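# Structural overview
One-letter residues, chain by chain:
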Amino acid sequence: PSNQTKWHRCTKGDVGVDEITEDYLNKNFCGISKESAIPYADEDLILLEGLKRLELAKASGKPWFVGFGLHRPHWPYRTPPGFYGHELYPGDVVKAPMHPQAVENTPSMAGNWAGGDIVDPARGCPTCLVPGGRAIEYRRWYYAAVTWSDHVLGEVLAKLDELNETQRTITA
C-alpha cells in the first residue's frame, strides 16, 4: 500500500514567517519550531511509516520492496530545528548566482515560473531577476533542505544496517 503524506507548506509559528502579516502560505522557506501549527516535517511521517514497513518486510521472510519518497528538497524549503538555512549555511558561505540572468530560451519550469515555484517580486517571469540577497536566502534554505533529505536517507540506511539487510538491498 502507498503512504501518501500531505505536503505541508510554511505555517503559523514557523521560524522565518512574518507574524505581523501572517503571510506564511507564500513563504519559500521556513523552520519548524515548538510554536509551529504543524510541529513536524512531512519527512518525519514518511520516515516513521517507512521504517515500520522495513521491519515488517524483513519479518515476512519474503522478497520485498519499500520505497521512500521525500518531499524535500522541493519548494517550500521547510526544515526542522537543526536544519535551518541560516544555521547550517551562515554568513558568506552561500554566494549569489554567478549568472543571475536566465539562460536564453529557458523553459518556464527551469526557474521562476508563474505556477508557484518561487514566490518573489520577480515571480511569473522566467527572465526576471530575483534580488541578490533573496537569491542567497533561497539557496541557503535549499541547501539546508538537501542536508535534511540526506539526514533522513541516512536514517533509512542505518535501519537497513540494523536489520542486516544492507548487503542484500539495492538503494538508489
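Not measured: the values here are computed from a predicted model. (Residues numbered from 1 in each chain as written. Predicted model: local features only at pLDDT ≥ 70, side-chain atom pairs only at ≥ 80, totals over all residues. Heavy atoms only, no water.)

### So, the packing of aromatic side chains
- Throughout the structure, instances matching the rule amount to seven aromatic pairs.
- Taking 5.5 Å as the distance between ring centres and 15 degrees as the angle between the ring planes, the aromatic pair formed by F29 and W141 counts as stacked. Here F29 is found in strand β1 (residues 29-31), whereas its partner W141 is found in helix α3 (residues 132-162), with 112 residues between them in sequence. Of the two residues, F29 and W141, neither departs from the other in class, the shared state being buried. (Phe/Tyr/Trp six-rings, centres within 6.5 Å; stacked < 30°, edge-to-face > 60°. Helix = DSSP H or I, 4+ residues; strand = E, 2+ residues; numbered from the N terminus. Buried < 20%, exposed > 50% of the residue type's maximum accessible area, 1.4 Å probe, protein only.)

### Remarks on the packing of helix α1 (residues 42-60) against α3
- Between α1 and α3, whose axes approach to 10 Å, the crossing angle comes to 15 degrees. The orientation of α1 relative to α3 falls into the category roughly parallel. Read as a crossing pair, α1 and α3 show a hand that is right-handed. From α1, E43, D44, L47, L51, L54 and E55 reach across to α3, where they touch W148, V152, E155, V156, K159 and L160. (Axes fitted to C-alpha atoms, helices over the stretch in contact; angles between N-to-C directions. Parallel < 35°, antiparallel > 145°, perpendicular 65-115°, else oblique. Left-handed = near helix turned anticlockwise from the far one by under 90°. Contact = heavy atoms within 4.5 Å.)

### Here we look at the nonpolar core
- In this structure, L47, L51, L54, F68, W148, V152 and V156 are the most contacted members of the largest nonpolar core, which totals 14 residues.
- Within the residue set of this core, elements represented by two or more residues are α1 and α3.
- Not counting the four nearest positions on each side in its chain, L51 is found in contact with F68, E155, V156 and K159.
- Ranked by size, the runner-up nonpolar core spans seven residues in total, among them W75, Y77, Y84 and A145. (Core = buried A, V, L, I, M, F, W, Y, C linked by side-chain atoms within 4.5 Å.)

### Looking at the side chain of D14
- If you trace the backbone, D14 turns up in the segment before β1.
- Residue D14 is classed as buried on the basis of its relative accessible area, which comes to 2%.
- At 2.9 Å, the side chain of D14 forms a polar contact with the backbone nitrogen of T11.
- Engagement of the side chain of D14 in a polar contact is seen with the side chain of S36, the distance being 2.4 Å. (Polar contact = N/O pair within 3.5 Å; in protein donor to acceptor, adjacent residues only side chain to side chain.)

### A closer look at the environment of C10
- Structurally, C10 can be placed in the segment before β1.
- Taking C-alpha positions, C10 is 9.4 Å from A37, a pair spaced 27 residues apart along the chain.

### Structural notes on the pattern of salt bridges
- Taken as a whole and assessed by the stated rule, the structure comprises ten salt bridges.
- For R72, the salt bridge goes to E43, with nearest N and O atoms at 4.0 Å. With R72 in the loop between α1 and β2 (77-79) and E43 in helix α1, this residue pair connects regions lying 29 residues apart in the sequence. Assigned by exposure class, R72 and E43 land together as buried.
- The partner of R168 in a salt bridge is E165, with the nearest N and O atoms 3.2 Å apart. (Salt bridge = Lys/Arg side-chain N within 4 Å of Asp/Glu carboxyl O.)

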